[in-house]
Structure formats: C-alpha cells, structure tokens
Amino acid sequence: MAMAASMQFSVRTFKPQQQQYHLCKHKHYPGQAMIRCSTNSPTKHYSITLLPGDGIGPEVMSVAKSVLNLTVSLEGIELGFKEMPVGGAALDLTGVPLPEETLSAAKQSDGVLLAAVGGYKWDNNEKNLRPETALLHLRGELKVFANLRPATVLPQLVDASTLKKEVAEGVDLMVVRELTGGIYFGKPRGVSTNENGEEIGFNTEVYAAYEIDRIARVAFETARKRRGKLCSVDKANVLEASMLWRKRVTAIASEYPDVELSHMYVDNAAMQLVRNPKQFDTIVTNNIFGDILSDEASMITGSIGMLPSASLGESGPGLFEPIHGSAPDIAGQDKANPLATILSAAMLLKYGLGEEKAALRIESAVMDTLDRGFRTGDIYSPGNKLVGCKEMGEQVLGSIEDHKVAAALV
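Residues numbered from 1 in each chain as written. Predicted model: local features only at pLDDT ≥ 70, side-chain atom pairs only at ≥ 80, totals over all residues. Heavy atoms only, no water.

Caption draft 1: Inspection of the packing of helix H1 (residues 57-73) against helix H10 (residues 339-352) at higher detail. In the contact formed by H1 and H10, the axes pass within 8 Å of each other and the chain directions differ by 40°. As summarised for this structure, H1 and H10 are arranged oblique, according to the angle between their axes. Of the two elements, H1 crosses H10, and the hand of that crossing is right-handed. Between H1 and H10, the contacting residues are Val60, Val63, Ala64, Val67, Leu68, Thr71 and Val72 on the first element and Thr341, Ile342, Ala345 and Leu349 on the second. Class assignment of the residues belonging to the contact of H1 with H10 gives a composition of nine nonpolar, two polar and no charged. (Axes fitted to C-alpha atoms, helices over the stretch in contact; angles between N-to-C directions. Helix = DSSP H or I, 4+ residues; strand = E, 2+ residues; numbered from the N terminus. Parallel < 35°, antiparallel > 145°, perpendicular 65-115°, else oblique. Left-handed = near helix turned anticlockwise from the far one by under 90°. Contact = heavy atoms within 4.5 Å. Nonpolar A, V, L, I, M, F, W, Y, C, P; charged D, E, K, R; others polar.)

Caption draft 2: Spatial organisation of the pattern of salt bridges. Under the criterion given, the structure shown has 19 salt bridges. We note a salt bridge from glutamate 75 to arginine 361, for which the minimum N-O separation is 2.5 Å. Of this pair, glutamate 75 sits in the loop between H1 and strand E4 (77-83) while arginine 361 is found in helix H11 (residues 356-371), placing the two residues 286 residues apart along the sequence. Each of the two residues, glutamate 75 as well as arginine 361, counts as buried. A salt bridge links aspartate 281 to arginine 226; its shortest N-O distance comes to 2.8 Å. (Salt bridge = Lys/Arg side-chain N within 4 Å of Asp/Glu carboxyl O. Buried < 20%, exposed > 50% of the residue type's maximum accessible area, 1.4 Å probe, protein only.)

Caption draft 3: A look at the nonpolar core. In terms of nonpolar packing, the biggest core is built from 71 residues, with Leu113, Phe220 and Ile342 touching the most fellow members. For this core, the element with the highest residue contribution is H10, accounting for nine residues. Apart from the residues within four sequence positions on either side, isoleucine 342 is in contact with Val63, Ala64, Val67, Ile362, Val366 and Val396. One finds Leu173, Val175, Ile283 and Phe289 within the second-largest nonpolar core, a separate group that totals 19 residues. (Core = buried A, V, L, I, M, F, W, Y, C linked by side-chain atoms within 4.5 Å.)

Caption draft 4: Highlighting the pairing of E4. When strand E3 (residues 44-53) meets E4, the two strands line up parallel, connected through seven bridges. Counted as the bridge partner of leucine 50 is glutamate 83 from E4. Of the crossover connections in this fold, the one passing from E3 over H1 to the parallel E4 is right-handed. (Pairing = 2+ DSSP bridges. Right-handed = clockwise from strand over helix to strand, strands pointing away.)

Caption draft 5: Molecular detail of the sheet that holds strand E7 (residues 172-178). If you trace the ten strands from one edge of the open sheet to the other, you get E4-E3-E5-E14-E13-E6-E7-E12-E10-E11, paired in mixed fashion. The open sheet terminates on both sides in strands that have one partner only, identified here as E4 and strand E11 (260-265). Pairs of neighbouring strands in the sheet enclose a mean axial angle of 25°, with direction left out of account. Here six bridges tie strand E10 (residues 229-234) to E11, and the two strands are oriented parallel to one another. Across the sheet, residue aspartate 234 finds its bridge partner in E11, namely tyrosine 265. With respect to the sheet, helix H4 (residues 133-142) is in contact with E3, strand E5 (111-116), E7 and strand E14 (318-322), its orientation differing from that of E14 by roughly 150°. Packed onto the sheet, helix H6 (residues 209-225) meets strand E6 (146-152), E7, E10, E11 and strand E12 (282-285) and runs at close to 165° relative to E7.

Caption draft 6: Just the confidence of the model for the protein, in detail. Per-residue confidence for the protein gives a mean pLDDT of 89, with 88% of residues at or over 70. Contacts of residues 1-39 to residues separated by more than four positions or lying in other chains number 112 contacts, the stretch itself having pLDDT below 50. (pLDDT = per-residue confidence, 0-100.)

Caption draft 7: Structural view of helix H9 (residues 287-300). In a regular helix each residue adds 1.5 Å, so 14 residues correspond to 20 Å; H9 covers 20 Å between its end C-alpha atoms and thus fits that length. Among all positions of H9, only Asn287, Phe289, Gly290, Leu293, Ser294, Ala297, Ser298 and Ile300 are buried. With its buried residues spanning 155° around the axis, H9 presents them on a single face. Its side-chain oxygen at 3.5 Å from the backbone nitrogen of isoleucine 288, asparagine 286 defines the N-terminal cap of H9. Once H9 ends, the next one or two residues include glycine 302, with phi positive near 110°. (Expected span 1.5 Å × (residues − 1). Arc of directions from axis to C-beta. Polar contact = N/O pair within 3.5 Å; in protein donor to acceptor, adjacent residues only side chain to side chain.)

Caption draft 8: Summary view of the packing of aromatic side chains. A full pass over the atoms with the stated rule returns two aromatic pairs. Centre to centre, the rings of phenylalanine 220 and tyrosine 256 are 4.9 Å apart; their planes meet at 5°, and the pair counts as stacked. Here tyrosine 256 lies in the loop between helix H7 (240-252) and E11 and phenylalanine 220 lies in helix H6, a separation of 36 residues in the sequence. Residues phenylalanine 220 and tyrosine 256 agree in their burial class; the two are buried. For the cation-ring pair, lysine 235 lies above tyrosine 265, with the distance from its terminal atom to the ring centre recorded as 5.7 Å. Directly above the ring of phenylalanine 374 sits lysine 385, whose terminal nitrogen or CZ lies 4.7 Å from the centroid. (Phe/Tyr/Trp six-rings, centres within 6.5 Å; stacked < 30°, edge-to-face > 60°. Lys NZ or Arg CZ within 6 Å of the ring centre and 35° of its normal.)

Set out below in structure tokens:
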C-alpha cells in the first residue's frame, strides 16, 4: 500500500473502470442546472482513518473528505472512513494524545490522513501529554520511515513567494526525510544533573547502516523518477553519525548509475535553498535536518498552506498530512487554506493506494481552481478572488465535476 512497486513498497495496481452517467443537479455552478454524474458501482474498497486533530484540522479535513468522496466515486472506488481523535482533541477526550483505539484503527486501515495537532491550550503540558507526541508515536508504530515533501512553485503563485521572481520561478524539488531515526528517537536522552550539580539536557544522534541504506534507496528511486539528481545533506565535517551517513549513501549510489549524486553540508544547503533553489531536484537527509530544510523549502513556494507530505514504510498503511500546523489563531474562522490537505489526500491515493488516476483528478482540480483566481488569505494577491476554507473546497469540487463532464463528453 505504501509506494510504487519499483521502490519495493506494497502498492495496489490501478485498473480502468467503465463509467456510466445520469443527470443530476450541479451544486457548484448555479448557472448550469444539470450535469452528468457517475453512477459507478464500486469495484474496489479501501478503509481510511481520518485524524482531524486540532485547530484548523477539522475544517480542512472536512473539505478533503468531500473531495476524496467525489473523486473516488468517479473511479469506481469506495472509501470507508473512520474518524478518530488525536493530539489535543484526544487529550481532552481520553487523557492521552494517541489513544489505543486511534492507533489500532490506523494500523488496520489502508491509509491514514491527518490534518494537524497542537494548540496553545496544551503548551504547558508535560512532554508525554503534549499533542505533538502523538505524531512521533504514530510514525514509530506505523513504521513509516520515509517522508516525502514536495516543494513546487506553481506558476499561479510565483508572486506569493518572498523570493525574487527570477529565483523562485520554476522551483520543483522533493525533500526525502528519514523519519524514525536520528536525534528525535536516539537514546540516551533526557534531563539530568552533571557532576557540578548543573541541570543538563541531552539527546543522541544515532543511525544504523540499515536505516541509512533504506532511506537512500527511496531517495534514489524518487530521483530516478524525477530529473535524475540527488543531493545528500549531512554534517560530515563534524558529526560521526553524518560521516556514516555519507559513507552509506555513497555506497548505495553504485546501485543507481543513472542518478547523479552530490553531497552538501546542511548549513550550506540552508543557504543554497534561498540563494538558488532551482539547483535542487531531490534532497535526502536525516530526521532533524529534513525537518528544518523542508519547512524552509516550503516557504519558497509562498505558503506552507499549499504543501502536502507522505510518510511511507515497507508495508502497512502510509501516513499523509499537510506540513502546516494547527494554526489555532485562525481556527473556526473559515480562513484556513485546505489545499495542502486536499493534496495530501491526492498523495494518499497515489502512493498509499496506487490510484494514480484518481490522484490526478484532484491535482488537476487544484490547478484549475488556482487558474480561475481563487485564493485563501495566505496566498492572496490583488486581482484574485479572496475566499474562505469552505468556498475553496467548493471550487475544487466544482472543478472535479466540470472536468468529469468534459471527459465524459469527449
């Protein structure tokens, strides 16, 4: 279920379905009273765990669920949804950020779509009772070690980037981040007292060769399907863990002679991402460096509210989520941008279920919606149409419907 077969991940094979149509009311464009709607009898069934979480999470998840439902209905697919609490919402309901019932549902599903966790309400909780710990636990339990974060500057949004147009235009890169190792999980870790009686905090950056090898192979396979360039980011001039990282990535490169490998120190990579981001195709790096660099790369695109991510393992369900946070300051105000969650749903279809045609429907609808000038506040610029979360979702749904009708009439 997790990724393309050539990347040695389990994936379901797409088989085209015959479509039938009947007349029904169009909900999105009042000027067109009747359209053709799919009446496919579902031939494939998947179970999806939805984790709305906190802040704007429930708002964007509601939109993404509607988009998923419409899209899969056109492909003869049926999705069974199970909505479960996670993060702060789970803390309030059960006293823990990741209840056993939520974890069990996630493990038994074909894919997991998560919106966002966290909020000011729980900021002063003990570490094990903070909403964010649910994410680390969930990733570890699902054994999703590869995080794919695309950062693409869309032509419609190039002016939303804080970089000069000539720097941002045409940027299209993928960050492949190792997700279940390194300093976030390494031991020993903790807070203690040293021999002088001073309080100290410590963490351990540690990687085994197999952890590096498997993420390297995912990155090489990803680069092979893109433009054939892979940049491995480390700090091998200082850190022993990075020295092993560079050694293992270099060794794995011999399996991929068609991919051009380069190495870059993380401090230089951070500078190059804002100086000349177009030089990058695919970046592979460890957990903490990937966390930082992927957020930096996201801002090149103009808004963190536009970017999806996929977290994948060797087997079992993948975890798909927007890279933005819970944005509690705008929660409940219909101001959130749902496109990152919608695009995460597309990644779920593509990488989690192998339903590439359905994923393309969503991606095309998002592009069409942007082409028609609809913008939420985070990506708004004069001359476009400012809309809220719900209206943006309605426009994407309308685009899916319109594209379906056009395809049916061809």
